[in-house]
Structures are given as C-alpha cells and as structure tokens.
Amino acid sequence: MARLVDEMEELRIGVFVCHCGTNIAGFLDPREVAEYAGTLPDVVFVKENLFSCSQSGVTEIQNAIKENQLNRVVVAACTPRTHEPTFRAACEDAGLNPFFFEFVNIREHCSWVHKGMAEEATHKAKDLVRMGVARARYLEPREPIVADVEPAALVIGGGVSGLTAALSLANRGIEVKLVEREEELGGMLRRIFRLYPSNIDAREFIARQVEAVEGHPRIEVFTCSTVEGLQGYIGNYRATISSQGVNKREVHVGVIIVATGAAQLDLGEVYGYDGKRVITLIELEERLRNGELGAKNVVMIKCVGARVPERLYCSRICCMTSIKNAILIKEKDPEARVHILYRDLMCYGVDNEALLRKAKESGVRFINYSLERPPIMENGRVRVHSDILGKEIGINADLVVLVTPMVSQDGVEELSRLLKVPLDGDRFFLEAHVKLRPLDFATDGIYVCGTAHWPASVSESIEQALGATARASTYLINKRVTVEPIFSMLLDEDLCRGCGLCASLCPYAAIEMVQTEKGIKAQMIAVACKGCGTCGASCYRRAIKMNHYTDEQLIAQVRAAFSG
Amino acid sequence: MCSGRVDPTIILEAFLSKADGVFVGACRRGECHYVTGNLQAEGKVNLTKKVLSYIGLHPERLVMEWMSSGEGGRFVECVTSFQEEIRKLGPLGKGEGIGTEELQLKLTAAQRVMEGKKLRWVVSKRLEFKEKGNLYGEVFTEHEISRLFDEVVMDELTLQEILLRLRMEPLSAKTLSGMINIAPSRILRHLADMKRMGLVSVSTEDDGRSPVWKAV
C-alpha cells in the first residue's frame, strides 16, 4: 500500500525534466526549464534526466522521492499515453501514491511542434511546467478499484466473427450467450460460394462452425433475438435479450463482443439493375454455386457506390471477391470473356497478389476507369473510357455484375446507443484507438470484431474475433478487474438536491438516484463511471467532484497558464 | 478529460486570467469518446459565446472545433486559424475598447451567471428538451431554446452586474441605467425583484427624490 500524504503535510514537489535524447533537448533548453522549475513555489527538488523512462531515470526519480521526502512528482517529458504507467509505477514503488504523479508533455506538445524555435519552445515548456506544478499541488491520493468479473460473455451477431468469438471463449471455459436476429446462424457466408484465397466452400465452412456452436455445452444460442436492454459495467453487465419480440430474458455477463457484421449496399436500379442480366456480387455468388452462370460475356463494374462523395471509404474486399469470381468463371468455361472495370485495385498481401496474376494469366481483362467517366450501359454492351488507353471501348456483355461496397447493418444506431459505444461517420463501430486499442471500445469490457468494425475479409474477421476474445479473456480468466479510479463522486450529500440532472446526463448510467435518510440523493457507481466529468460540469449545486480533474486542479492550471 | 468536463465557469476563469482566446477541441459529432459529452460541451460553449457577446466581448474569442484524436492535420489547421483570428481581434478588452476594471467586473458578472442554477440547468437539459421535450412533453426547436437562453442570459447578467456595482457603492436606478446601458424602467424591475429576493435594499443615504440602492 502506497503512502498517503497527510493533508496537513507540507508540499514537497519534485520536478524532472527529460531530454528524451535529442527529442526534447535538441529543440529547447531543458536546463533553463529545470532552473525555472526550481523557482516555483513548493518545488524542493529538480533534476534533468537524459531519459526519464530508462531504468536509470526511474531510479533517479525513486531515490529523489526517498531522499527528499517528495510528496508530489512532476515529470516533464513525453506522452501519458505510453509512459504514464511507467512513472506512476515508479512513484508507487518508492512509496508514493501513484496519483501524486503529474505528467507534463514537453515533447509532443512542445519540442516536436516548435522545431527551429528554441527560444519560444523553451518559454512554452516553462509555461507547461508551471501549469503542471500548479495542478500537482491539488492532486489527491487514489486507490485502484477492484471488481469481480462474471465469467460469461454476450456475443451479438451469429456470423463468422460472432461464431468464432463464441467458440473461442467457450473453449476456454467461458459461458457464452450468442444472440442472432435472423432465424439461422451463419450470416453473410451462407450466401457466398467460395472464399479467397483458400478457395474453400463458404457454406460448408460456416456449417461446421454453426454445428460446433449449436452443440457446445457452454454456448446458449438465441436466434430471432435482439439485445433490448443493458445495464452495468465491465465484469457485471446485465443484458435483456428479447426473442421474437416477446420472450424477454436477463443474462448476467462480464463482457460483450459486438460482431453484428455488415450488409451489401443496395443501390436499386442503377446501371439498369434487373436481377437477371444486371446483378449484384452476391447474386453472382449464388449463380456460381448453382452452376448457372448463363452468360459468355461477363462485365464486372467495381466501386459502384463506393469511394463516391457520399461514401468515401474503400470496401477493401470487393476487388478480391470479384477477382476470385472471375477466376471461377474462367476455370469452368475457359471460353468465357470476363472484363473487370476498376478504378483502383486493392489486392494487398502475397496470396491476393498471386490471385490477381492468376486472373490476368487466365485471360481476365482489367480496364481502368475514372469516377468522372463511369461506364455507360447500352443494349448488350458496356461502353467505358479507359484512362490508360485514353479512348472509349465497347464491350459485349450478356451479364453485368455490379460490385457494391459493404455498408453497416440496419439497427446499428440503436445498438450503439444501447451499448454506449460510438459509430464512425459511415456507421461502422469505432474502436477506442486505431493503433493502441484496435478491438476495444472506450467502454471497458465491450469489444468489436469483423465487418461491424469495417469491411474485412473472412480471415481478417476471424483474426479480429480471436483478438477480441483474447482481450476479453484477460478479465474473464482473472475474474477480477482493476478500474482506473478516476470517477466522479458526491462531494457533499447535503449540497445534492436530488434533482437527477447528473443521472440524466450520464452517458454510462453510472449515476443512480437513491432514497437516503436525507431524501433522494445522487449515488455514483465508481466502476461504471468513465470519468468524462459531464456531471461535474453541469451540477448547479457544485455537489459533484470529478476526481483527478477537480475544479481546483483545473482552475489552478488555467490561472498558472497566464501567470508567467 | 472529455470536452463534457468543460465548465463555462472555467472558460471564464481563463478570460479573467487574461486569456485572449479559448479553444475547445471536441470529438466529432456522433463519434464522441464519451458518447455525448461533446454535445453537452457544444451547448455550454455556445451559451458562453452568447454571454461574451452580451458583455461586449467578441464571441469569436471562444472557439470550439470538432476533430478526432487521429486527425493531427486538422488540429494544426484549427489551431493555426484560431491563433490568426485571435491576433486579428487583439488583446482581450483592448480589441473591444473596454477598460481593465470594467472588463473584470463584466467577466465576474458573467462567471456568476454561468455559476447560477438557471443557466446550468437549462443548458444541460437542452438536448433533452429538443429530443424528448420538457416535463409537459413540449419539444423545443433550437431557435426556441436560443431565444430562451437570450432572455435568461440578459436577465441574469443584468442582475449580477447590478449586484457587483452596488457592492462597490450605493447607486440610483438612473445611474445604474447609464452604467449598464439598459432602460431605467428595466433596471427598476430588476431592483424590485432583487429586493424581494433580499439581495438589495433602499439605502438610507437617499437624496429624497430618486432612491439610492445598496447591496445587502
């Protein structure tokens, strides 16, 4: 247990200025910053480190804490995203509560963005340090919150991603509730013929997965069902599953995996779509499965409705799906003429590039067109302006395949609101961080995988499903979760009038209005609170305190910003 | 920290500390890391801009921009145009032709207004009023809410400013009217309300004709 500093104890602040090799020291003067820090009130120790995060840097900080009885530590270095845990742990090891540590970013926020302006950058670094020291004076000790985790998972969506996630978790001994809104499990793959690049039969593959899920003793399947209600927080979610709109059941789970998949864009009658001579990619898959192509001259038009102003993203899988289908057509009927009209080709990866070569070798013709001059349909012909040849070409076509992008599913807005997880501008689910937390949502205990996330191939969907279950398992297997103790709390019960404003604003349902001896009062559920602070910024009674971002801390920082 | 944590009183603290401009960066609409915090911030920032313009400051000194944490380029563009805009406006107060003391008084009044129950309640309920309606099921448009804010802001600001000025010295309604630039009849209405609330009283030092008011 780290030492708590007595409120009456005098402030002893230590400031460490990191050179980060030349990342900081190359663009501003850390010595001047350190000297300045020494002049700030209650700063009793200052040191420069070549690398504060290195073993020697951490040791220097720890020794300074012990030798100088420091009770606040300010490190002016890089970003809390990567190094806050390092310095907090260093403080804790030296006997100081980790929340007495304050990070000042003089690299990303200063040296890196003011290269060639050493004087101004040094001046700004001093401002930032002064602000950090001002806030550090008001820091308070906090203890981590540890909560139990229900070893069960809710998987939403019974396609390849959801099935993979459910099996992976169940095989680790976790109870799984799998919710699918359609009558049957299997999702999109039931409508696909063969998968690239392995060329295996999609329906056989998914049928094996479905069988394994349905026969698994630890997986309970809810078809024709949706999730209608959700309460709780990581480790203790209570979800209401509604089957056929009538039967409702509450399940208790520790984590939730969102695997709701995507749909094929339906554009209606563009390019003369009729479902017979002009069809969609999925309709082509069905024809190939049935062996009824019914055409000798096939033209595939790619990026129909994709990478256009109203839908800027690339759907990623359509290039390979059409190339795979072109090869299947040529293998069955080498005399067939297949043209692929494309804007760009997305054939990333060794296997995919090999398939593209194979398609070219087998005689599939690729013609590049531009968004400004899309192909034109004529009776039995397609006219297209080739950007490479610089002229218009006419192609005989007795079957035209429109390759439209994957779009997000119906009902994602409702699910997003229910789970309190965000969607991006294209209505795909948005992860917590594209690089650092690609399968997590910002809400702890909820994960995303597969095409609910963005257009992905089957192998990518499986990788994501396994990744998401691995992330979820860290909590499910430990059965305990440590939550960052940055949560709001009722500062003074007497101040609270029980108006319920905070509870109505809380995006995480982390505030409940409860009857107490003193009347109705707000009660915060610390583990459910994500620390956004909206309640604190709104309470007209100032009865709410946002821990670690208190009014005192923020005001001290704001005032210090302009007091230099 | 979510933009939802941005309390208007802290924005005004920055102006009181002589900031020439305040920039609030929030997640894009519908992409908030904390679900709806950015929309709460939007309401609070817009209201604060209104308050700034009522006290005679350029509302452009307060800027809110939408961006994702992955959009470094956009952040740079926004901050660059922000600082160019603020440079054009000049130092706080000077750019508006308001003296230092007057500025402190007006900003203090503004901070008290944003501290007050009425505005904190209404601005936080704004989204609910727009989507679900109030207690009686009346749904408000953005325009109606904006008008509601106008009324409340003006009333509250006048009240706070009267109170601050009367704390310094007892004054007549007519003198207050000249200082605050509001018709004497309206000042008088405020004074009467404030008297009922026990905030002001008629001073004994009156000259017999027009009463002089003081803060209680």
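Keep in mind that this is a model prediction, so the values were computed, not measured.

Undergrad: Give me the lowdown on the overall build of chain A, citing residues and values where you can.
TA: Of the regular secondary structure elements, chain A holds 15 helices and 28 strands. Once the C-alpha set of chain A is aligned to its principal axes, its extents read approximately 90 × 60 × 40 Å. Counting all 564 residues of chain A, 55% fall into the buried class. Taking the intrachain contacts of chain A between residues at least 6 apart in sequence as the baseline, contacts between residues at least 24 apart amount to 69%. If the 66 positive side-chain charges of chain A are averaged to one point and the 73 negative ones to another, these points end up 3 Å apart.

Undergrad: Give me the interface of chain A and chain B: which residues, what numbers.
TA: Of the residues lining the interface, 35 residues belong to chain A; the matching set on chain B comes to 31 residues. The junction of chain A with chain B conceals about 2,800 Å² of combined surface from both sides, 59% of it contributed by carbon and sulfur atoms. Broken down residue by residue, the surface that chain A buries against chain B is led by Ala537(A), Tyr540(A) and Arg542(A), which jointly contribute 21%. Inspection of the region where chain A meets chain B yields 4 salt bridges. When the shortest N-O distance is used, the salt bridge between Arg559(A) and Glu13(B) registers 2.6 Å. Here chain A and chain B share 10 residue pairs in polar contact (both at pLDDT 80 or more) between them. Contributing elements (two or more residues each) for the side of chain A that touches chain B: helix H13 (501-505), helix H14 (534-538) and helix H15 (551-561) of chain A. Looking at the side of chain A that touches chain B, its residues break down into 20 nonpolar, 8 polar and 7 charged.

Undergrad: Tell me about the sheet that holds strand E5 (residues 212-215) of chain B, and name the residues and values.
TA: Residue and element names in this part refer to chain B. In spatial order, the strands read E3-E5-E4; together these 3 strands make up an open sheet with antiparallel pairing. Each end of this open sheet is capped by a strand with a single partner; those strands are strand E3 (171-172) and strand E4 (200-202). Pairing of E4 with E5 involves 3 bridges; the strand directions are antiparallel. Residue valine 202 lies in a different strand from E5, and its bridge partner there is tryptophan 213.

Undergrad: So what's going on with the packing of aromatic side chains? Which residues, and what values?
TA: Residues and elements named next belong to chain A. In the structure shown here, the tally under the stated rule is 11 aromatic pairs over all chains. Plain terms: the ring middles of phenylalanine 87 and phenylalanine 101 are 5.7 Å apart, the flat faces sit at 35° to each other, and that makes the pair tilted. Placement of the pair is phenylalanine 87 in helix H3 (residues 80-93) and phenylalanine 101 in strand E4 (residues 101-105), with a sequence separation of 14 residues. Residue classification places phenylalanine 101 among the buried positions, given a relative accessible area of 2%. Every member of this aromatic cluster is reached through a ring pair, and the members are Phe87, Phe101 and Phe103. Directly above the aromatic system of tyrosine 549 lies the positively charged group of arginine 135, at a separation of 4.8 Å from the ring centroid. We note lysine 360 situated over the ring of phenylalanine 366; from NZ or CZ to the ring centre the distance is 5.8 Å.

Undergrad: Describe the domain arrangement of chain A, listing the residues and the values that go with them.
TA: All names here are of chain A. According to the domain assignment, chain A contains domain 1 (13-142), domain 2 (152-263 + 407-481), domain 3 (267-404) and domain 4 (488-547). For domain 2 and domain 4, the distance between their C-alpha centres works out to 33 Å. Between domain 2 and domain 4, the contact holds 5 residues from the first and 7 residues from the second. Counting the surface lost from both domain 2 and domain 4, the interface buries some 520 Å², and carbon and sulfur atoms represent 59% of this. Together, Tyr233, Lys420 and Thr443 form the three largest contributors to the area buried by domain 2 at its contact with domain 4, with a combined 71%.

Undergrad: Go over the pattern of salt bridges, please, and point to the residues and values.
TA: Within the structure shown, the criterion is met by 53 salt bridges over all chains. Linked through salt bridges whose partners overlap, the residues forming this network are Arg542(A), Asp551(A), Arg5(B), Asp7(B), Glu115(B) and Arg120(B).

Undergrad: An account of the packing of helix H7 (residues 173-180) of chain B against helix H8 (residues 184-196) of chain B is requested, with residue identities and associated values reported.
TA: Residues and elements named next belong to chain B. With their axes 9 Å apart at the nearest point, H7 and H8 run at an angle of 115° to one another. Considered as vectors, H7 and H8 are oriented roughly perpendicular to each other. Where H7 crosses over H8, the two elements pack in a sense that is right-handed. Across the interface between the two elements, Ala173, Leu176, Ser177 and Ile180 from H7 touch Pro184, Ile187, Leu188 and Leu191 from H8.

Undergrad: Give a description of the pairing of strand E11 (residues 247-253) of chain A that names residues and reports values.
TA: When a strand is regular, its side chains alternate between the sheet's two faces. Residues and elements named next belong to chain A. Inspection of the sheet shows strand E10 (residues 236-243) paired to E11 by 7 bridges, in the antiparallel sense. Among the inter-strand pairings, serine 242 is bridged to a residue of E11, identified as lysine 248. Here E10 folds back onto E11 in antiparallel fashion, the turn holding 3 residues, of which glutamine 244 has a positive phi close to 50°.

Undergrad: Let's hear about helix H10 (residues 350-361) of chain A: which residues, and what values?
TA: All names here are of chain A. Helix length check: H10 (12 residues) gives 17 Å between terminal C-alpha atoms against 16 Å at 1.5 Å per residue, within 8%. Of all the residues in H10, the buried ones are Asn352, Leu355, Leu356 and Ala359. In an axial view of H10, the angular spread of the buried residues amounts to 100°, which keeps them on one side of the axis. What points out from H10, more than 90 degrees from its buried face, is the exposed set Val350 and Glu361. As for H10, its buried residues are in contact with helix H9 (318-332) and strand E17 (365-368).

Undergrad: Break down the confidence of the model for chain B for me, citing the residues and quoting the values.
TA: With 96% of its residues at a pLDDT of at least 70, chain B reaches an overall mean of 91. Among the prediction metrics, the complex's ipTM stands at 0.93, with pTM recorded as 0.72.

Undergrad: Which residues make up the side chain of Lys330(A), and what are the values?
TA: Residue and element names in this part refer to chain A. Inspection of the secondary structure assignment puts lysine 330 in helix H9. No salt bridge forms around the buried lysine 330; measuring N to O, its nearest opposite-charge neighbour aspartate 333 is 7.6 Å away. Each residue touching lysine 330, except ones within four places of it in the same chain, is listed here: Ala336, Val338, Ser362, Gly363 and Val364.

Undergrad: Describe the sheet that holds strand E12 (residues 255-258) of chain A, naming the residues involved and giving the relevant values.
TA: Residue and element names in this part refer to chain A. The strand order E8-E7-E6-E12-E23 describes an open sheet built from 5 strands, whose pairing is parallel. What marks the edges here is a single partner per strand, and that holds for strand E8 (219-222) and strand E23 (446-448). The sheet shows a mean angle of 20° between the axes of neighbouring strands, taken without regard to direction. For strand E7 (residues 175-179) and E8, the ladder comprises 4 bridges, and the chain directions are parallel.

Undergrad: I'd like a rundown of the state of the cysteines, residues and numbers included.
TA: Following the criterion strictly, the structure yields 0 disulfides over all chains and no others. Sulfur of Cys502(A): no disulfide; nearest cysteine sulfur belongs to Cys499(A) and is 6.2 Å away. As a non-bridged cysteine, Cys78(B) has Cys27(B) as the owner of its nearest cysteine sulfur, 13 Å distant. For Cys78(B), a relative accessible area of 5% gives the class buried.

Undergrad: Could you give me a rundown of the packing of H9(A) against H10(A), with the residues and numbers involved?
TA: All names here are of chain A. One way to put it is that H9 packs onto H10 with a least axis distance of 9 Å and a crossing angle of 40°. The pairing of H9 with H10 is recorded here as oblique in orientation. Where H9 crosses over H10, the handedness of that crossing is left-handed. Mapping the contact onto sequence places Met320, Ile323, Ile327 and Glu331 in H9 and Asn352, Leu355, Leu356, Lys358 and Ala359 in H10. Here the residues of the contact of H9 with H10 are counted per class, giving 6 nonpolar, 1 polar and 2 charged.

About the criteria used
Position numbers for residues count from 1 along each chain, tracking the sequence in the order it is written. All chains are assigned letters beginning with A, and all ligands numbers beginning with 1, in the order in which they are written. For this predicted model, a pLDDT threshold of at least 70 governs which residues receive local features, and a threshold of 80 or more governs which side-chain atom pairs are given and counted, while totals over whole chains, interfaces and linings are taken from all residues. Heavy atoms throughout the structure, all of them, feed into the side-chain values; hydrogens and water do not. Helical segments are the DSSP runs of H or I of at least four residues, strand segments are the runs of E of at least two, and each set is numbered from the N terminus. For every residue, the accessible area (1.4 Å probe, protein chains only) is compared with the maximum for its type, and the residue is labelled buried under 20%, exposed over 50%, or partly exposed between those bounds. Note on contacts: a residue pair is in contact if any heavy atoms of the two residues lie within 4.5 Å. His residues and chain termini do not enter the charge count, which takes Lys and Arg as positive and Asp and Glu as negative. Working definition for charges: the position is that of NZ of Lys, CZ of Arg, CG of Asp or CD of Glu. Take the accessible area each of two parts loses on contact, using a 1.4 Å probe, and add the two losses: that sum is the buried area. By definition here, a salt bridge exists when the distance from a side-chain nitrogen of Lys or Arg to a carboxyl oxygen of Asp or Glu is within 4 Å. N or O atoms within 3.5 Å of each other form a polar contact, as long as, within protein, one can give a hydrogen and the other can take it, and as long as residues adjacent in sequence are counted only when both atoms are side-chain atoms. Nonpolar residues are Ala, Val, Leu, Ile, Met, Phe, Trp, Tyr, Cys and Pro. Charged residues are Asp, Glu, Lys and Arg, and all others, Gly as well, are polar. Strand pairing is assigned whenever DSSP identifies at least 2 bridges connecting the two strands. When two rings of Phe, Tyr or Trp (its six-membered ring) have centres within 6.5 Å they constitute a pair, described as stacked for plane angles under 30 degrees, edge-to-face for angles over 60, and tilted for the intermediate range. To sit over a ring, a charge needs its Lys NZ or Arg CZ within 6 Å of the ring centre and within 35 degrees of the ring normal. The domain boundaries here were taken from an automatic or database domain assignment. A fitted line through C-alpha atoms represents every axis, and for helices the fit uses only the stretch in contact; the resulting angles, taken between N-to-C directions, go from 0 to 180 degrees. Any angle that is under 35 degrees is reported as roughly parallel, and any over 145 degrees as roughly antiparallel; angles of 65 to 115 degrees are reported as roughly perpendicular and all others as oblique. Here a crossing is called left-handed whenever its near helix is offset anticlockwise from the far helix by less than a right angle, and right-handed whenever the offset is clockwise. One less than the number of residues in a helix, times 1.5 Å, gives the span that helix is expected to have. Directions pointing from the helix axis toward each C-beta atom define the arc. A score between 0 and 100, pLDDT records how confident the predictor is in each residue. Disulfides are defined in this document as cysteine sulfur pairs within 2.5 Å.

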